[in-house]
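Here are the chains, one letter per residue:
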Amino acid sequence: MAESGDYPLYSCRNCRNPLAFHSDLLSKTFKAKSGQAYMFSHVMNIVLGQKEDKKMITGMYTVAGIFCSNCGRELGWKYVRAFDPSQRFKEGNFIVEKLKLLKEY
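About the criteria used
- Residues numbered from 1 in each chain as written.
- Predicted model: local features only at pLDDT ≥ 70, side-chain atom pairs only at ≥ 80, totals over all residues.
- Heavy atoms only, no water.
- Helix = DSSP H or I, 4+ residues; strand = E, 2+ residues; numbered from the N terminus.
- Phe/Tyr/Trp six-rings, centres within 6.5 Å; stacked < 30°, edge-to-face > 60°.
- Buried < 20%, exposed > 50% of the residue type's maximum accessible area, 1.4 Å probe, protein only.
- Salt bridge = Lys/Arg side-chain N within 4 Å of Asp/Glu carboxyl O.

1. Describing the environment of Ala 32
Alright, step 1. As for its placement among the helices and strands, Ala 32 is situated in strand S3 (residues 25-32).
Alright, step 2. Residues Ala 32 and Ile 95, 63 residues apart in the sequence, show an inter-C-alpha distance of 8.2 Å.

2. Thoughts on the packing of aromatic side chains
Alright, step 1. One pass over the full model with this rule turns up 5 aromatic pairs.
Alright, step 2. Ring centres 5.4 Å apart and planes at 65° place the aromatic pair Tyr 10 and Phe 40 in the edge-to-face group. Of this pair, Tyr 10 sits in strand S1 (residues 9-12) while Phe 40 is found in strand S4 (residues 35-40), placing the two residues 30 residues apart along the sequence.
Alright, step 3. Overall, the relative accessible area of 2% leaves Tyr 10 in the buried class.
Alright, step 4. Where Trp 77 meets Tyr 79, the ring centres are 6.1 Å apart and the plane angle is 85°; that geometry is what we call edge-to-face.
Alright, step 5. Residue class for Tyr 79 comes out buried when judged on its relative accessible area of 3%.

3. Regarding the pattern of salt bridges
Alright, step 1. For the structure shown, the criterion picks out 4 salt bridges.
Alright, step 2. As a salt-bridge pair, Glu 91 and Arg 88 come within 3.4 Å of each other at their nearest N and O atoms.
Alright, step 3. Judged by its relative accessible area of 30%, Glu 91 falls in the partly exposed class.
Alright, step 4. Assessed through its relative accessible area of 38%, Arg 88 is described here as partly exposed.

Printed below as a string of C-alpha cells:
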C-alpha cells in the first residue's frame, strides 16, 4: 500500500491496518456516534456487516457496518441505499469515525 505514494494514508487506530488513501476522502463534515467522521469513496481491508435500515439525521438509509479486517474493530458504516432521492449521492460511500482513524504520512 505505502508504495503508491498516496499520502496521507488512513489506518485503523487500534492495529494500524491500512484503510484508505487521502485521494479517496470525499468529506470531513459527517457526524457519528463518537463525533466527527469522514466520508470515503473507497476503503480497503474491511469486513461488511449485516444490512439494516436506519433513521439518521438526514433521513432513512440502508446501511452496513464496517469493521477492520485485522482486529475486528467497528469503524463506521457503508451507505447501501438512501430512501430520499436528494441523499442518493451517499450510496456506495463509507463513513469512518475520526477517533478510529490514524493519519499516517
